[in-house]
Amino acid sequence: MMRYRHRLWLGVFALLAGCVTVGEPPISDKGAVVALVDTARADGAAGKTDSAAAALERALRIEPQNPALWRELALLRLRQGEPQQAESLAAKSNTWAGSNKKLRAANWRLIAQARRERGDDAGARAALEKAEQER
Amino acid sequence: MTVGALFRGLKEYLTGGRLRLILLLLLLLLAAFTLYLDITIRAQFEGKRWALPARVYARPLELYPGAKLTPEQLAAELTLLRYHQVAAPEEPGSYRRAGEEFELLTRPFLFWDGTQNVLRLRVELDAGRVHKLRDHKTGAAVNLARLDPLLIGSIYPAHNEDRVLVRLKEVPQDIVNGLVAVEDRKFFSHHGVDPRGMARAAVTMLRGGAVQGGSTLTQQLVKNFYLSSDRTLRRKFTEILMALLLESHYGKEEILETYVNEIYLGQDGNRAVHGFGLASHFYFGQPLPRLTLAQSALLVALVKGPSHYDPRRFPQRALERRNLVLAELHRREFISPRQLAAARAEPLGVTTKPPSGASPYPAFLDLVHRQLRRDYDEDDLRSEGLQIFTTLDPQAQRAAEHALTRRLAELERARAMPAHTLEGSVVVTSAQHGEVQAVVGGRDTLFEGFNRALDAQRPIGSLIKPAVYLAALERPDSYTLATPLDDSRLVWKERGIKDWEPNNYDMEFHGRVALHTALANSYNVATARLGLELGVPQVMETVQRLGVEREFPTYASSLLGTSELAPIEVAQMYQTLASGGFRSPLRAIREILTVDGKPLQRYPLAVEQAVEPAPAYLLTTALQGVVREGTGQGLRQYVAPAVGVAGKTGTTGDLRDSWFAGYTGDRLAVVWVGADDNRPVQLTGSTGALVVWGDMMAQLDPEPLALPPPETIERVWIDPKTGRRAAKDCQGAVELPFIRGSAPKENAPCATAAPVRSWFKGLFGE
């Protein structure tokens, strides 16, 4: 009986674990980076964008080749009203994105938005086309 | 006329209104003077009281599971930070080491993002990395922790006054008691002056004794604060008046706190040590609250004359004066007879050498100072007590210093050059963020003068070539890594300029060579011809796009690097290549806090795409070829080929300058070697700077350089003889990256047969 209960719990855990990985993969396998990104997101949500940027830059010093971190910083710069920086950072994220088409498409959409904010509608459309191609 | 008549005359003259008028005038004058003093005093006391030097810190060492760190590196870092190695760490700033395991207590520190309190950590290292990081008490895993950062220098106020501000509650009671007992017994009851003390002093003076004493702490403060040191009656009068005024406005505690921070307590070269806070570090290497009774008494003893009683120069004199202070403390019943006996038995306890006020990294500090001056007034830098957090990595700095000093001496010996013929400089940055991690300005790394890394502009020679090849690779319709270049005799005629006829280093021509081979072997003639095809202005535009702010002349000879740059400018140019075509201004500063720890300014990471990813990728591949099979081959003695270093050698006319610029997955470094008087040093980039670069990187365990190829890149096998498409197993075939659609269309002769062979291979299951 005990044993069965164990198996039941194991099954539940396996399901939960599956859900977590399906939902959103962790941004890094390093706890330090995950913690810093959490801090950055919380700071960003609280309007403390400077602190958020500092935390992300700290994470990037640990993992400079992690495209998801470059994207986080790009998103933050967009929120800070720096579309030019946002665009460059998203492009930088793409250089490390490898075969991650989903991430690349998301970065192109971010670039499109950044270009729109700078009044470059043609550029924005071109970026959106790129995003489509990544599908 | 008698004396009496004279008096009468005077009396008549002064009768009535006149006397009162004069008295009134005198009183008014006195009142005006007092008012003036009052304003002066209050302005100074309430406004900024001291000019505080800016403090400059290195990057804090980050600890986290997975961090690259050897036990030796951690031990070295802890030594730099003056952590004490003990059997059982109990105090912040102490640690225990057992092989690869460290137990340490961090010091509390106020960072940009808040205070990190004392952490008690257990760090387990394994295979060159942090394996586990845990809270020593609870055993709970810790994700991330920082050590307190190393203080690497200060930017001092005009008179080189240095101090560490302390609050009164941090001052040991023994010091307060000592000051009262020895300097001013009535301090807590008088109103600024002590008439009886003054009378005593006057009597001593009249009897022919020394001119001294009688001043209250308040008067001493006033003297230090506002007045010159000449001893006139008028000054004494002003001093008394000001002391009375000060006491009428401020409480005893405020006055005492100001006193303990103001008083002059020592000298270190041209740096003046002010206040008990700094004196504690200066004499004992300890923060003030941790001083013992005997140490506190010694500092009180110094008030009377820091140079006369200098415990390092005149230990006997200092000891006697300290014991006198102890005796006074006992006489005034501040300490018990047992305390007195114990403290008297203690040695002076001063450190043999004061912690130097001069920076151990003056060349790096110089860069920090220059970047600060863009945003801050020199006066503010020297007085506002700013806390400046920089990007200096002490490990990289040490590796760079070692490599440069060691290798230059070795080169001189090996080549029978007189010692100190050679000079050199190094700049190291983080490849992806453009943070400057190390600057070495010359062989004498402690020299505060000429900073070759920032100021020695030298012809860059072949270091310019990547810009020529990049300009070509940005036109994939015309140029690829496989494009044959013409390395035959070239005479360039331009109106108004002497004919230009470049030569190769080996004084030979190599005929048709593939573009990547011409760069790997640094062929001058092929490069010059390529640059002329592209247009010199176009190439120079590329140089600027990579981050060089200086404008180069558009003579043909500029293509071979006759223009001059300082190593830091070269680093900026190569930074853009190292980060895949994204330009980031080199930064030496991360954050600035105010004196009380409030965030003031951040220097954010900024990137700007300067080159498309695909040509940047191609160029990096070609620069890896330089190291794999070209002029940079010598690096293999220092750095494993698997690291895939991308780099370029540079040599200038008559072998005057030897350069190497290169990058790995995590760092970029530029090394220059030459002579200050610009005489030929008989070194090429490969025999000089490369050796320093390799030695340094070997110490830093570089990350492999493995850029993911951009989507538009495909790999194609090429027959080097014809520059056409080959098959994998064609003899001598090389696989090169191409921007899709740009690879040669025609097949080399061997390519047509090849697929058959591989088909057979597949058939027989080879």
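Residues numbered from 1 in each chain as written. Chains lettered and ligands numbered in written order. Predicted model: local features only at pLDDT ≥ 70, side-chain atom pairs only at ≥ 80, totals over all residues. Heavy atoms only, no water.

## A few points about a positive patch on the surface
Selection rule: Candidates for patches are residues over 30% relative accessible area with no salt bridge; among them, like charges are joined within 9 Å and nonpolar side chains (Val, Leu, Ile, Met, Phe, Trp, Tyr) within 5 Å. Here the open area of atoms and residues is found with the Shrake-Rupley method and a 1.4 Å probe, where only the protein chains shown may cover a residue. In what follows, salt bridge is the name for a side-chain nitrogen of Lys or Arg lying within 4 Å of a carboxyl oxygen of Asp or Glu. Only four residue types enter the tally: Lys and Arg on the positive side, Asp and Glu on the negative side; His and the chain ends are excluded. The atoms used to mark charge sites are NZ of Lys, CZ of Arg, CG of Asp and CD of Glu. Each helix is a run of DSSP H or I of at least 4 residues and each strand a run of E of at least 2, with the numbering of both proceeding from the N terminus.
Side chains of Arg 185, Lys 186, Arg 196 and Arg 200 of chain B sit close together on the surface and give a patch of like positive charge. As for its placement among the helices and strands, Arg 200 of chain B is situated in helix H5 (residues 195-206).

## Quick notes on empty space enclosed by the protein
Condition: Each cavity reported here is a set of points on a 1 Å grid over the protein atoms alone in which a 1.4 Å probe fits but cannot get out, each pocket an open set with protein on both sides within 12 Å along at least five of seven lines, and each lining residue one with an atom within 4 Å of a point. Grid points are joined across faces, edges and corners, and a volume is the space filled by probe spheres set on the points. Each residue is assigned to one class: nonpolar for Ala, Val, Leu, Ile, Met, Phe, Trp, Tyr, Cys and Pro, charged for Asp, Glu, Lys and Arg, and polar for all the others, Gly among them.
Here the structure, examined in full by the defined rule, presents five cavities of 30 Å³ or more. Considering only enclosed or pocket space, the largest cavity measures out at about 170 Å³ in volume. As for the largest cavity, its lining consists of 16 residues, and the residues nearest its centre are Arg 61 of chain A together with Pro 60, Arg 146, Arg 590 and Glu 591 of chain B. Every element with two or more residues in the lining of the largest cavity is listed here: helix H3 (49-62) of chain A together with strand E15 (387-390) and strand E25 (589-593) of chain B. Here the lining of the largest cavity takes four residues from H3 of chain A, the largest share from any one element. Residue classes in the lining of the largest cavity are distributed as seven nonpolar, one polar and eight charged.

## As for the side chain of Ser 88 of chain A
The cut-off we apply is this: Relative accessibility thresholds used throughout: buried, under 20% of the residue-type maximum; exposed, over 50%; partly exposed, between the two (1.4 Å probe, protein chains only). Should any heavy atoms of two residues lie within 4.5 Å, those residues are counted as being in contact.
In this structure, Ser 88 of chain A sits in helix H5 (residues 83-95). In this structure Ser 88 of chain A comes out as buried when scored by relative accessible area, which is 7%. With near-sequence residues (within four places) excluded, Ser 88 of chain A lies in contact with Phe 582, Val 607, Glu 608 and Gln 609 of chain B.

## Points about the environment of Pro 737 of chain B
Residue and element names in this part refer to chain B. Take Pro 737: it is sitting in strand E33 (residues 734-739). In the structure, Pro 737 is positioned 123 residues away from Ala 614 in sequence and 9.6 Å away in space, judged by C-alpha atoms. Leaving out residues up to four positions away in the same chain, Pro 737 has contacts with Leu 481, Tyr 617, Leu 618, Thr 621, Ile 713, Glu 714 and Arg 715.

## Notes on the nonpolar core
All names here are of chain B. Here is the rule we go by: Nonpolar cores were defined as sets of buried Ala, Val, Leu, Ile, Met, Phe, Trp, Tyr and Cys residues, with membership established by side-chain atoms within 4.5 Å.
If you look at the biggest cluster of nonpolar residues, it comprises 158 residues, and the most contacted ones within it are Leu 74 and Val 123. Top contributing element to this core by residue count: helix H22 (residues 613-629), with eight residues. The next biggest cluster of nonpolar side chains, apart from the first, holds 57 residues, and it includes Leu 265, Leu 278, Leu 291 and Leu 302.

## A look at the sheet that holds strand E31 (residues 713-719) of chain B
All names here are of chain B. Our working definition: Note: two strands are recorded as paired if DSSP finds a minimum of 2 bridges between them. Axis definition: a line fitted to C-alpha atoms, limited for helices to the stretch in contact. Angles are taken between N-to-C directions and run from 0 to 180 degrees.
Taken in spatial order, the three strands line up as E32-E31-E33 in an open sheet, and their pairing is antiparallel. In this open sheet, the two edge strands, each paired with only one partner strand, are strand E32 (724-725) and E33. Taken together, the six bridges between E31 and E33 define a ladder with antiparallel strand orientation. Each bridged residue has a counterpart across the sheet, and for Ile 718 the counterpart in E33 is Val 734. Contacts from H22 reach E31 and E33 within the one sheet, and its direction differs from that of E33 by about 160 degrees.

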